[in-house]
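Chain and residue survey
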There are 2 protein chains.
Amino acid sequence: MIIECEQKELMRGINIAIKAIPPRTTMSILECIVLDASGDVIRLLSNDLNMAIDTVIDGTIVEPGTVALDARILSDVIRKLPDNLVKINVFENYATQITCERAKFNLMGRVTDDFSYLPKYSKEQYFDLSEFALHDMIRQTIAFLAEGDIHPVMTGECFHLQDGTLRVVALDGHRIAIREQQVDACSGDMEIIIPGKTLNEIVRILGDDAERMVRVYIDDNSVFFEFERTKVMSRLVDGKFVNIAYILESQTETKVVLGKREFYDCIDRASMMIKEGDKKPIIFDITDEGIEISIQGMLGSMDDFIEVDEKEGMDQKIGFNPKFLMDALRVVDDEKITAYFINHRSPVYIRADDLSYQYIILPVNFVS
Amino acid sequence: MIIECEQKELMRGINIAIKAIPPRTTMSILECIVLDASGDVIRLLSNDLNMAIDTVIDGTIVEPGTVALDARILSDVIRKLPDNLVKINVFENYATQITCERAKFNLMGRVTDDFSYLPKYSKEQYFDLSEFALHDMIRQTIAFLAEGDIHPVMTGECFHLQDGTLRVVALDGHRIAIREQQVDACSGDMEIIIPGKTLNEIVRILGDDAERMVRVYIDDNSVFFEFERTKVMSRLVDGKFVNIAYILESQTETKVVLGKREFYDCIDRASMMIKEGDKKPIIFDITDEGIEISIQGMLGSMDDFIEVDEKEGMDQKIGFNPKFLMDALRVVDDEKITAYFINHRSPVYIRADDLSYQYIILPVNFVS
């Protein structure tokens, strides 16, 4: 195999393919990026058994062929090369020479026989949305996924498609994040659970271009993302997702509208009074005048007060884990947020008027 | 004690004082910053037993007094406050209230009786140089200090003052960094060893203003830096520094002038071929045409070639630890560097024409 391609373009491809390289593994082929110039185009491929990537880069195929190269060494070498044409020359025993200007690297390549390429998949079930929309839906929900040993369905986000509306749900038993969005096209209703790990990598590969579309296919317990010249495959999480319908139908008692930045900063300051693992809640005392905010932590106590733009319904006194509130406020783009309360044993709903996002957070008990 | 001061000014002082807070300790008073408003000014103090800081901030003393507050909690709280006037009110039992706008924090303060203030010191022995000069001298040598278990004198930099010239030397047994600079004033000749840890913190506190002066006092096996409204004390390293005079007097055989950036980038690329702990040298083959650069590492091999602006003397073939060369090239500000070689068993000298800096690096043996 002999190929030629610009350093920047090669690096762009490596930065995509490296997302499916596992941090450590005993199977050394998984640590490799495959360069495949056996067809009409140059493809970079990777596969960590849960997720696989296949991306096309610009370049010239001088002599067709394939080679597998250690992803980290390849990435380090290409990153340090000058911004100029790079030539990759693979000899018969897979010894690989990378040349750029007067620099010449010799690396040991590997045969690609034991590498798993993306399987063929059915294109019957699919939906389309823009890179921007998919990026945003993941970004605004991913922090709500459960960490550690927990029911497997909670390690993934539920993608629920009904009547052309995609609802993405992430939850961890204490809180729920929901994002809704019209899809641009779809084959019909469906519900799948995509692993959080996959979504974290997808967000890092996806641009946030509102014009460029992503097509998502579902086949054989896997999901396939196709965008630009990249394909990403991931296994789905097995199982039935948690039913959250009954939570969404609750009648709320109190509505409050306030500035997001001010609210966030105040909770952020209060959280300085608790150590990691400290379960002390932040307490909101909501009256017509505004919200009295207080916390009694291991490190000290804080009181603060913020004005609200609007308050409807009865007064409330209710406590929350400050981290959970901050996770929600951090990803909301609106300057004003609306929060709905029921009572001190029921969750708060932070939601957009059009329900495009909803963050539902359970309260923490406190002795008042 | 009651004091009032602007959030930004208070934070500036905390950021200085926190440099002498140890990462962990069993003596909880060492984790505190002392706020001292017992005199005419507000002082922030810290002391980790090796190093002590005393800095003055702007503010109003409403009621004189002192208090010790946990440095990390204080820093976290003040950093999160709005950019406005902060009031610190200490009650009789050292309970401390910090107020800013409507936010009110209650922290547990401590009595300052068991805190060690800076001792009085003699002002007989001293030298002056600008913040900029001191900052630069440390920055350009500190990477050459030995790490880990090593002779104690190698953990500090030698400050040698003779005839109005300050020479700073850092070495680790494989390499030496030397910086020379005229001082602006001094009491006479002296030689001291200042711990690397102190210098690392000093660099982070010092500005790089060429107009502002630092006065350095030596007394009773300690050094005292005075600049702006800050005083830093540090213990000195005991012992006699390594004699390097015989190394400086060597006759060199080959002189090479070349572009620093190009040379650095080339060594950086070559270092991609070796893993951490791999002792493989980078080999320079110096001829009239330029330098042929090669490395045979565990991960592969590289060849490259760089042109030189000037070459005098015999050809050389000599191997080095690439990290050591990069540490030197990273801190040199000149675009062109001059390197002097003797033979493949003798060090390279990278030095300024006026000897304001010298980096001396021992070669690595290789079979050619």
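Residues numbered from 1 in each chain as written. Chains lettered and ligands numbered in written order. Predicted model: local features only at pLDDT ≥ 70, side-chain atom pairs only at ≥ 80, totals over all residues.

Here the focus is the overall build of chain A. Helix and strand counts for chain A stand at seven helices and 27 strands. Overall, the C-alpha framework of chain A stretches about 80 × 45 × 35 Å when taken along its three principal axes. Sorting the 368 residues of chain A into buried and exposed places 42% on the buried side. Relative to all contacts within chain A whose residues are 6 or more apart in sequence, the contacts with residues 24 or more apart total 70%. (Helix = DSSP H or I, 4+ residues; strand = E, 2+ residues; numbered from the N terminus. Buried ≥ 20, exposed ≤ 12 C-beta atoms within 10 Å, placed from the backbone. Contact = placed C-beta atoms within 7 Å.)

Time to look at the relation of the copies chain A and chain B. Expressed as a screw operation, the relation of chain A to chain B combines 0.0 Å of axial shift with a rotation of 180°, fitting to an RMSD of 0.0 Å. A rotation of that kind, with that shift, is consistent with a two-fold axis. Minimal C-alpha distance to the rotation axis in chain A is attained by Pro23 of chain A, lying at 15 Å. Mapped onto chain B, 100% of the interface residues of chain A again fall at the interface, so both copies present the same surface. (Least-squares fit on C-alpha atoms with pLDDT ≥ 70 in both.)

Residues and elements named next belong to chain B. Taken together, the nine strands give an open sheet; going across it, the order is 15-11-12-13-27-26-25-19-23, and neighbouring strands pair in antiparallel fashion. At either end of the open sheet lies a strand with only one pairing partner, and these are strand 15 (190–195) and strand 23 (310–313). Here the strands of the sheet are splayed against their neighbours by 20° on average, with no regard to which way each runs. Packing against the sheet, helix 4 (residues 196–205) makes contact with strand 11 (156–162) and strand 15, and its axis sits at approximately 80° to strand 15. Lying over the sheet, helix 7 (residues 322–331) contacts strand 13 (175–182), strand 25 (336–341), strand 26 (348–351) and strand 27 (357–361), oriented at roughly 175° with respect to strand 27. (Pairing = 2+ DSSP bridges. Axes fitted to C-alpha atoms, helices over the stretch in contact; angles between N-to-C directions.)

Residues and elements named next belong to chain B. On strand 7 (residues 85–90), burial follows the alternation: Val86, Ile88 and Val90 on one face are buried, whereas Leu85, Lys87 and Asn89 on the facing-out side are not. Sheet analysis places strand 1 (residues 2–6) next to strand 7, joined by five bridges and oriented antiparallel. The residue of strand 7 that forms the bridge with Glu4 is Lys87. Counting the residues that bridge the hairpin from strand 7 to strand 8 (residues 95–100) gives four residues, and of these Tyr94 lies at a positive phi of roughly 70°.

Right, let's get into the sheet that holds strand 1 of chain B. Taken in spatial order, the nine strands of this open sheet run 24(A)-20(A)-21(A)-22(A)-9(B)-8(B)-7(B)-1(B)-5(B), and their pairing is antiparallel. Here the strands that pair on one side only, and so sit at the sheet edges, are strand 24 (316–320) of chain A together with strand 5 (60–63) of chain B. With strand direction ignored, the average angle separating the axes of adjacent strands in the sheet is 15°. Bridge count for strand 20 (residues 282–287) of chain A against strand 24 of chain A is five bridges, and the pairing is antiparallel. Counterpart to Ile283 of chain A in the pairing with strand 24 of chain A is Gly319 of chain A.

What follows concerns the domain arrangement of chain A. Partitioning chain A into structural domains gives domain 1 (2–108), domain 2 (125–235) and domain 3 (250–361). Taken over C-alpha atoms, the centre of domain 1 of chain A sits 49 Å from the centre of domain 3 of chain A. (Domains from an automatic or database assignment.)

All names here are of chain A. Strand direction decides the pairing type here: strand 10 (residues 125–130) and strand 16 (residues 213–219), joined by six bridges, are antiparallel. Across the sheet, Tyr126 pairs through a bridge with Tyr217, a residue of strand 16. Sheet analysis places strand 10 next to strand 14 (residues 185–186), joined by two bridges and oriented antiparallel. The partner of Asp128 across the bridge, within strand 14, is Ala185.

Turning next to the interface of chain A and chain B. Taken together, the contact between chain A and chain B spans 22 residues of the former and 22 residues of the latter. Among the secondary structure elements, those contributing two or more residues to the side of chain A that touches chain B are helix 2 (71–80), strand 9 (103–108), helix 6 (260–270) and strand 22 (300–306) of chain A. Taken together, the residues of the side of chain A that touches chain B sort by class into eleven nonpolar, three polar and eight charged. Both strand 9 of chain A and strand 22 (residues 300–306) of chain B contribute to a ladder of four bridges, which runs antiparallel. Each residue of the ladder has a partner; that of Phe105 of chain A, found in strand 22 of chain B, is Met302 of chain B. (Nonpolar A, V, L, I, M, F, W, Y, C, P; charged D, E, K, R; others polar.)

Here the focus is the nonpolar core. Within the largest apolar cluster, 220 residues are counted, with the highest numbers of intra-cluster contacts made by Ile33 and Leu35 of chain A together with Ile33 and Leu35 of chain B. Setting aside anything within four residues of it in sequence, one finds Leu35 of chain B in contact with Ile42, Leu44, Thr66, Val67, Leu69 and Ile88 of chain B. (Core = buried A, V, L, I, M, F, W, Y, C linked by C-beta atoms within 7 Å.)

Looking at chain A, the pLDDT average stands at 95 and 99% of residues meet or exceed 70. For this predicted complex, the interface score ipTM comes out at 0.88, alongside a pTM of 0.92. (pLDDT = per-residue confidence, 0-100.)

Next up on the list: unusual backbone geometry. All names here are of chain A. Although it is not a glycine, Leu49 sits at a positive phi angle of roughly 80°. Among the secondary structure elements, Leu49 is positioned in the loop between strand 3 (42–47) and strand 4 (51–57). In the Ramachandran plot, Asn221 falls in the positive-phi region, its phi being about 60° despite a non-glycine side chain. By the element assignment, Asn221 lies in the loop between strand 16 and strand 17 (222–227).

Among all positions in helix 1 (residues 7–17) of chain A, only Leu10, Gly13, Ile14, Ile16 and Ala17 of chain A are buried. Down the axis of helix 1 of chain A, the buried set is contained in an arc of 160°. They therefore lie on one face. (Arc of directions from axis to C-beta.)

Turning next to the environment of Met298 of chain A. All names here are of chain A. Inspection of the secondary structure puts Met298 in the loop between strand 21 (290–296) and strand 22. When the 10 C-beta atoms within 10 Å are taken as the criterion, Met298 is described as exposed. Separated by 142 residues in sequence, Met298 and Gly156 have C-alpha atoms that sit 34 Å apart. Filtering out sequence-adjacent residues up to four positions away, Met298 remains in contact with Ile274, Lys275 and Asp278.

On to the packing of helix 1 of chain A against helix 2 of chain A, then. Residue and element names in this part refer to chain A. In the contact formed by helix 1 and helix 2, the axes pass within 9 Å of each other and the chain directions differ by 150°. Considering the angle they form, helix 1 stands roughly antiparallel to helix 2. Helix 1 and helix 2 meet at a crossing whose hand is left-handed. Here Gln7, Leu10, Met11 and Ile14 of helix 1 lie close against helix 2, whose contacting residues are Leu74, Ser75, Ile78 and Arg79. Looking at the contact of helix 1 with helix 2 residue by residue, the class counts come to five nonpolar, two polar and one charged. (Parallel < 35°, antiparallel > 145°, perpendicular 65-115°, else oblique. Left-handed = near helix turned anticlockwise from the far one by under 90°.)

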